[in-house]
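# Topology and contacts: notes
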Amino acid sequence: MAILTGWITMSVIFGTVILYGAVGETITEKAGNLNLGTPGIMCMGGGFGFVAASLCEKSSDKPNAALCIIIPLLTAFIMGMVGGLIYSFLTTTLRVNQNVVGLTLTIFGVGVSKFFAMFVLPKDGVVTKVDFTRKIFAAKIPFLSTKLGYVGEMLFSYGFMVYLAIIIAILASIFLKRTRAGLNLRAVGENPATADAAGINVTKYKYLATCIGSGITGLGGWFYIVELNNGTWATADGDAIAAVAWLAVALVIFIRWKPINAIWGSILFGICYWAYNYFPKITGIKVNTDLTMMLPYVVTIIVLIITSIHQKKDSQAPASLGLSYFREDR
C-alpha cells in the first residue's frame, strides 16, 4: 500500500507541472494560437522564478516567508507573460508563422533561463538550491495529511501550488463555458472573421489569452523547480523542464481542449510516466524504462484516433487554430 501511495503522490506532483502548462496552453489555443513555445515559456518561468527565490533568500539572514512565496510566483507568472507577449507580437501583429515562432521561442526560453540562472550558481559548481523557499512551498496541510492515514497522504500531502493548479483549471473551465468573455474568446478561436464582424476585438482577445495562458504555463516551470526538483537548479534543468513541457502540449490534445479534464488527465499522465519506477515494485515484473515513459504519448494517440472517429464538435480543436488572421481577407 505504501508503494501505491507513493506512486499516486509522485504522479500528482508530476502531473501538476503539466497541469499548469496544459491549462495555460488550452486558454491560448482557444483563441486560435498554437503556441509550441510552451517548453520555452515554462523554462522562463522556472529559471527566473528560481533566480528571484535565490536573491530573496540571500537578501537577508532571516528571509521573509511571505516574500519568498510572492516574489518567485509573480516572477514566474510575469516572465511567462513576457514569453506570451513575444509570441503574440510576432504572430498576431506581424503575422509570422505560428509554428516557426513557437519552436523558436522554445529554443530562446531554454537558453535565456540557463543564462540568467548562471548569475546565482556558485562559482565552484553547477548546482544550487533554494532550501528555505522549497520548505515553504512544500508545507503540507497539518491535520489532514497526518490524521487520515493513506487517504490523507494521497489527498492532502502536497504544497499549496497543487491545489492552486486545480482551482485555476476549474476557473478556466467556468470562464470558457459560462462567461461572455469566454464565449467571445472561443468565437475568436473558431472564426475570427465572424467574431470581428460581430464587434469583438480579435487582436485584444488573442493577446490577452496568450499572455495570461503563458503566465499560467510559467507557474508550471517554477513548480517543477521548487517541488518536483526539490528547489534545486542545475545547468541541465532547462532541458529537463522543456522535455516535461512537451507532455503538457500532448495533454491539451488528450483533454480535447477542456481545462476541467486536465485535472484527472494530468494525474493519469503522471501515473503512466512513473510506471517504470513503481510498477515493478508492486508486481515484480520488470519493464523497459524507455517504453513505459512513452505511455502518455501512446494514450494521447489512442484518444486522438477515438475522437476522430466519432467527430464530435465539442471534442475538436478550434477551427482557426494555428492560422493567422488577416482582417483584409474578411
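Here goes a summary of the coordinates provided.

## Thoughts on the state of the cysteines
- Scanning the entire structure with this criterion turns up zero disulfides.
- In this model cysteine 43 remains outside any disulfide bridge; the closest cysteine sulfur is found in cysteine 211, 19 Å from its own.
- For cysteine 68, which is in no disulfide, the shortest distance to another cysteine sulfur is to cysteine 56 and amounts to 3.5 Å.
- We classify cysteine 68 as buried; its relative accessible area is 0%.

## Let's talk about the side chain of threonine 38
- Looking at where threonine 38 falls in the secondary structure, it is placed in helix α2 (residues 38-58).
- For threonine 38, the side chain forms a polar contact with the side chain of glutamate 25, separated by 3.1 Å.
- Apart from the residues lying within four places of it in its own chain, the contact partners of threonine 38 are Glu25, Thr106, Thr217, Ala245 and Val249.

## Re a nonpolar patch on the surface
- A grouping of Leu67, Ile70, Ile71, Leu74, Ile78, Val82, Ile86 and Phe108 is seen on the molecular surface, where their side chains present a nonpolar patch of about 640 Å² in accessible area.
- Judged by relative accessible area, isoleucine 70 falls into the partly exposed class, the value being 45%.

## Describing the packing of aromatic side chains
- Under the definition given, this model contains 14 aromatic pairs.
- Ring centres of phenylalanine 137 and tryptophan 222 lie 5.5 Å apart, and the angle between their planes is 85°; on these two criteria the pair is classed as edge-to-face. Highlighted residues: phenylalanine 137 in helix α5 (residues 131-137) and tryptophan 222 in helix α11 (residues 202-228), separated in sequence by 85 residues.
- Relative to tryptophan 274, the ring of tyrosine 273 has its centre 5.7 Å away and its plane inclined at 75°; by these criteria the two rings are edge-to-face.
- Assessed through its relative accessible area of 14%, tryptophan 274 is described here as buried.
- Here a set of aromatic residues connected by ring pairs shows up, and it is made of Phe14, Tyr273, Trp274 and Tyr276.

Rules behind the numbers
Residues numbered from 1 in each chain as written. Predicted model: local features only at pLDDT ≥ 70, side-chain atom pairs only at ≥ 80, totals over all residues. Heavy atoms only, no water. Disulfide = S-S within 2.5 Å. Buried < 20%, exposed > 50% of the residue type's maximum accessible area, 1.4 Å probe, protein only. Helix = DSSP H or I, 4+ residues; strand = E, 2+ residues; numbered from the N terminus. Polar contact = N/O pair within 3.5 Å; in protein donor to acceptor, adjacent residues only side chain to side chain. Contact = heavy atoms within 4.5 Å. Patch = residues over 30% accessible without salt bridge, like charges linked within 9 Å, V, L, I, M, F, W, Y side chains within 5 Å. Areas by Shrake-Rupley, 256 points an atom, 1.4 Å probe, with all protein chains shown as cover. Salt bridge = Lys/Arg side-chain N within 4 Å of Asp/Glu carboxyl O. Phe/Tyr/Trp six-rings, centres within 6.5 Å; stacked < 30°, edge-to-face > 60°.

Note that every value here comes from positions in space, so none of it alone points to a role or purpose.
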